[in-house]
Amino acid sequence: MKTFIVGNWKMNFTVGESSLYLHKLLKRIKPAKNLEIAVAPSTIALQPLSLQTDRKKIKLAAQNFYFRDYGAYTGEVSISQLRSLVDYALVGHSERRYIFHETDKDIREKVAAAIRGGIRPILCIGETETERDFGETEGVLKDQLFGGLQDVSEEDLNKVIVAYEPVWAISSVKGAKLASPDDVQKSINIIRKHLAAKFGKEREEKIPVLYGGSVNPQNAEAYLTLDDVNGLLIGGASLIADQFDDIIEIAKKVTNK
Ligand code: PGA
């Protein structure tokens, strides 16, 4: 399976800054076999960046969209409008869940809409610190996973990417802590166990599972070499060319082992 390195720029960079930054990354990054690199700029930058990027090197991902294809939904952007611009779309990021109150129903509709539109959804799941302290991690991961995947047919499961992001480890969260590789391995095992139990081992093995939460060049290798982790979703460090580039180099090294 490929290794995925996905940068989530969140609400950072103007269109001009995004373009300059992408230019810098394109100059540095060389395509590598079995390594898929994508960045998720703000929605307004997607159109110009889609003309600028070399998709063999860096693909684009949407950070958000609405699940309906068109209509009277002021302020929203649909998958059919994004289709020619992006290959991937984040769905269910914790900032969407907790700041914008997206529910599992919203998330499942978005996952289904992305697949319908030929865009691979990156379904983000993860427990909060309180849920973790109360021993609810497994239940939360299971609910978010199957809540998000409910409307996906078994044949389409191989289009889905799952990203495990413990909310308490996301760098922008107040008092964020680093998840130990052991913590991450436990949750990845839980995710894979439930996917296999529901869809069968063969289907489960085709679903990439990424890790995200304060990933940087110092810890990237430890997360990437965990069993059944197929890549990283990176926020803060993806905004700094040297750091993003270093993580990509680490991924190349690990992938080619
Ligand atoms: P972080 O963000 O790498 O800054 O913790 C990850 C994310 O929110 O996807």
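Every value quoted in this text rests on a predicted model; they were computed, and no experiment measured them.

K.L.:
It is not clear to me how the site of the ligand should be interpreted in this structure. Could you clarify?
P.N.:
Neighbouring residues of the ligand: 14 residues in total, closest K10, H93, E165, S171 and S214. Here H93 contributes a side-chain N or O atom positioned 2.7 Å from an oxygen atom of the ligand. Note that an oxygen atom of the ligand is positioned 2.8 Å from one of the backbone N or O atoms of G235. When the ligand sits alone it has 280 Å² of accessible area, and the protein chains cover 98% of it. A molecule is said to occupy a pocket when more than half its atoms come within 2 Å of that pocket's grid points, and by this definition the ligand occupies the second largest pocket. Across the shell around the ligand, the residue classes break down as 5 nonpolar, 7 polar and 2 charged.

K.L.:
Help me understand the packing of aromatic side chains, please; the structure alone is not making it clear to me.
P.N.:
When we look at a pair of aromatic rings, we describe it by the centre distance and by the angle of the planes. Per the counting criterion, the structure on display carries 9 aromatic pairs. Both rings, one in Y164 and one in Y211, keep their centres 6.1 Å apart while their planes meet at 50°; by these two values the pair is tilted. Of this pair, Y164 sits in strand β6 (residues 161–164) while Y211 is found in strand β7 (residues 209–212), placing the two residues 47 residues apart along the sequence. Among the residues examined, Y211 registers a relative accessible area of 0% and is labelled buried. Across from the ring centre of F100, 4.2 Å away, lies the NZ or CZ of R96, which sits over that ring. Of note, K110 hangs over the ring of F65, and the distance from its end group to the ring centre comes to 5.6 Å.

K.L.:
Mind showing me how you'd approach the pairing of β7 here?
P.N.:
Across a regular strand the side chains alternate sides, sitting on one face of the sheet and then on the other. Of the two faces of β7, the one carrying V209 and Y211 and the one carrying L210 and G212 are both buried. In this structure, β7 lies alongside strand β8 (residues 231–234), joined through 2 bridges in parallel fashion. In the sheet register, G212 faces β8, and the bridge partner there is L233.

K.L.:
Explain the sheet that holds β8 to me, please; I cannot follow it from the model alone.
P.N.:
Across a sheet, paired strands are connected by hydrogen bonds in the backbone, their directions being either parallel or antiparallel. In space, the 8 strands of this closed barrel follow the order β1-β2-β3-β4-β5-β6-β7-β8, with parallel pairing throughout. For this sheet, the mean inter-axis angle between neighbouring strands, taken without regard to orientation, is 25°. As paired strands, β6 and β7 are joined by 3 bridges and run parallel to one another. Within the sheet, the bridge partner assigned to Y164 lies in β7 and is Y211. Lying on the sheet, helix α7 (residues 137–149) is in contact with β5 (120–125) and β6; it crosses β5 at an angle near 155°.

K.L.:
Just checking my understanding: could you explain the pairing of strand β4 (residues 88–91) for this structure?
P.N.:
Going residue by residue along β4, you find Y88 and L90 tucked away on one face and A89 and V91 tucked away on the opposite face as well. Here strand β3 (residues 59–62) pairs with β4 via 2 bridges, running parallel. Bridging across to β4, A62 finds its partner in A89. The sheet contact formed by β4 and β5 spans 4 bridges and is parallel. From the neighbouring strand, A89 faces β5, where its bridge partner is P121.

Parameters and conventions
Residues numbered from 1 in each chain as written. Predicted model: local features only at pLDDT ≥ 70, side-chain atom pairs only at ≥ 80, totals over all residues. Heavy atoms only, no water. Near = heavy atom within 4 Å. Polar contact = N/O pair within 3.5 Å; in protein donor to acceptor, adjacent residues only side chain to side chain. Areas by Shrake-Rupley, 256 points an atom, 1.4 Å probe, with all protein chains shown as cover. 1 Å grid on protein atoms, 1.4 Å probe; cavity = no way out; pocket = protein on both sides within 12 Å on 5 of 7 lines; lining within 4 Å. Sits in = over half its atoms within 2 Å of the grid points. Nonpolar A, V, L, I, M, F, W, Y, C, P; charged D, E, K, R; others polar. Phe/Tyr/Trp six-rings, centres within 6.5 Å; stacked < 30°, edge-to-face > 60°. Helix = DSSP H or I, 4+ residues; strand = E, 2+ residues; numbered from the N terminus. Buried < 20%, exposed > 50% of the residue type's maximum accessible area, 1.4 Å probe, protein only. Lys NZ or Arg CZ within 6 Å of the ring centre and 35° of its normal. Pairing = 2+ DSSP bridges. Axes fitted to C-alpha atoms, helices over the stretch in contact; angles between N-to-C directions. Contact = heavy atoms within 4.5 Å.

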